[in-house]
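Residue strings, one per chain:
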Amino acid sequence: MTIRFFTEEDVPAAAELEQLCFPDPWSQKGLRDTLREEGSCFLAAESETGALCGYLNATWVLDECNLNRICVHPDFRKQGIGANLLTKLQDFCKTHEISHIFLEVRESNAAARNLYRAHGFRELGKRPRFYENPEEDAVLMEWTAE
């Protein structure tokens, strides 16, 4: 598995991943628009066969970054892909002198919360009814560069 920067050619496969992984999937247009935004960091996880097996999107301004999406194909979960994507994002932030990463995660998503904690994120609080379909609170988390 290789982590690399996401390209326009990854958009169709990422849109398919969105359909598999999220109740509120981003469209190809939404993915392309976000990819083209200034301050967007898109990372792709590519399998040995060249398939897109995961991706991460974050946006940053000055010294703060927001992790918007992290997505791993169900067939590739529990293989360290999410962890590798997060590590690359943290490396990107350090290189670009970005000192904070913020994210929201479903309160019920214990696996994701554990992954974030293992990467040095701490829980700051909750955002009531942040998610829809189904409605759920979000846990706000932060990582601070050392």
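As shown above, the structure is provided for reference.
Residues numbered from 1 in each chain as written. Predicted model: local features only at pLDDT ≥ 70, side-chain atom pairs only at ≥ 80, totals over all residues. Heavy atoms only, no water.

So, the overall build of the protein chain
In terms of regular secondary structure, the protein chain is built from four helices and seven strands. Going from N to C terminus, the protein chain has its helices and strands arranged as β-α-α-β-β-β-α-β-α-β-β. A compact globule built from 146 residues should have a C-alpha radius of gyration of about 15 Å, and the protein chain, at 15 Å, falls within 12% of that. For the C-alpha atoms alone, the extent of the protein chain along its principal axes is close to 40 × 35 × 30 Å. By the burial criterion, 42% of the 146 residues in the protein chain qualify as buried. Of the contacts made within the protein chain by residues no fewer than 6 positions apart, 56% connect residues no fewer than 24 positions apart. Per element, the accessible surface of the protein chain, about 8,100 Å² overall, is 48% carbon and sulfur. Side-chain charges in the protein chain split into 16 positive and 25 negative, and the spacing between the mean points of these groups amounts to 4 Å. (Helix = DSSP H or I, 4+ residues; strand = E, 2+ residues; numbered from the N terminus. Rg over C-alpha atoms; globule rule 2.2 N^0.38 Å. Buried < 20%, exposed > 50% of the residue type's maximum accessible area, 1.4 Å probe, protein only. Contact = heavy atoms within 4.5 Å. Areas by Shrake-Rupley, 256 points an atom, 1.4 Å probe, with all protein chains shown as cover. Lys, Arg positive; Asp, Glu negative; His and termini not counted. Charge placed at Lys NZ, Arg CZ, Asp CG, Glu CD.)

Quick look at the nonpolar core
Of all hydrophobic cores here, the largest spans 27 residues; its most connected members are L56, L67, L85, L89, I101, Y116 and F121. Put simply, the parts of the chain that give this core at least two residues each are β2 (40-46), β3 (52-61), β4 (64-72), α3 (81-95), β5 (100-106), α4 (110-118) and β7 (136-144). Residue contributions to this core peak at six residues, all from α3. Setting aside anything within four residues of it in sequence, one finds L67 in contact with L56, N57, A58, L86, L89, I101, F102, L103 and Y116. F6, A14, L35 and A44 belong to the second-largest nonpolar core, a separate cluster that totals 13 residues. (Core = buried A, V, L, I, M, F, W, Y, C linked by side-chain atoms within 4.5 Å.)

A few points about the packing of aromatic side chains
Counted according to the given criterion, the structure contains seven aromatic pairs. Seen from their ring centres, F130 and Y131 are 5.0 Å apart, and the 85 degrees between their planes marks the pair as edge-to-face. If you follow R69 out to its NZ or CZ, it ends over the ring of F22, 3.8 Å from the centre. (Phe/Tyr/Trp six-rings, centres within 6.5 Å; stacked < 30°, edge-to-face > 60°. Lys NZ or Arg CZ within 6 Å of the ring centre and 35° of its normal.)

Let's talk about the packing of helix α1 (residues 11-21) against helix α2 (residues 28-36)
Running from N to C, α1 and α2 cross one another at 120 degrees; their axes reach a closest spacing of 9 Å. Put simply, α1 runs oblique to α2. In the crossing of α1 with α2, the sense of the turn from one axis to the other is right-handed. Mapping the contact onto sequence places V11, P12, A14, A15 and E18 in α1 and Q28, L31 and R32 in α2. Tallied by class, residues from the contact of α1 with α2 come to five nonpolar, one polar and two charged. (Axes fitted to C-alpha atoms, helices over the stretch in contact; angles between N-to-C directions. Parallel < 35°, antiparallel > 145°, perpendicular 65-115°, else oblique. Left-handed = near helix turned anticlockwise from the far one by under 90°. Nonpolar A, V, L, I, M, F, W, Y, C, P; charged D, E, K, R; others polar.)

As for α4
Taken as a whole, α4 has its buried residues at A112, R113 and Y116. One side of α4 holds all its buried residues, which, seen down the axis, span an arc of 100 degrees. Among the exposed residues of α4, those pointing more than 90 degrees away from its buried face are A111 and A118. In this fold, the buried residues of α4 make contact with β4, α3, β5, β6 (122-131) and β7. (Arc of directions from axis to C-beta.)

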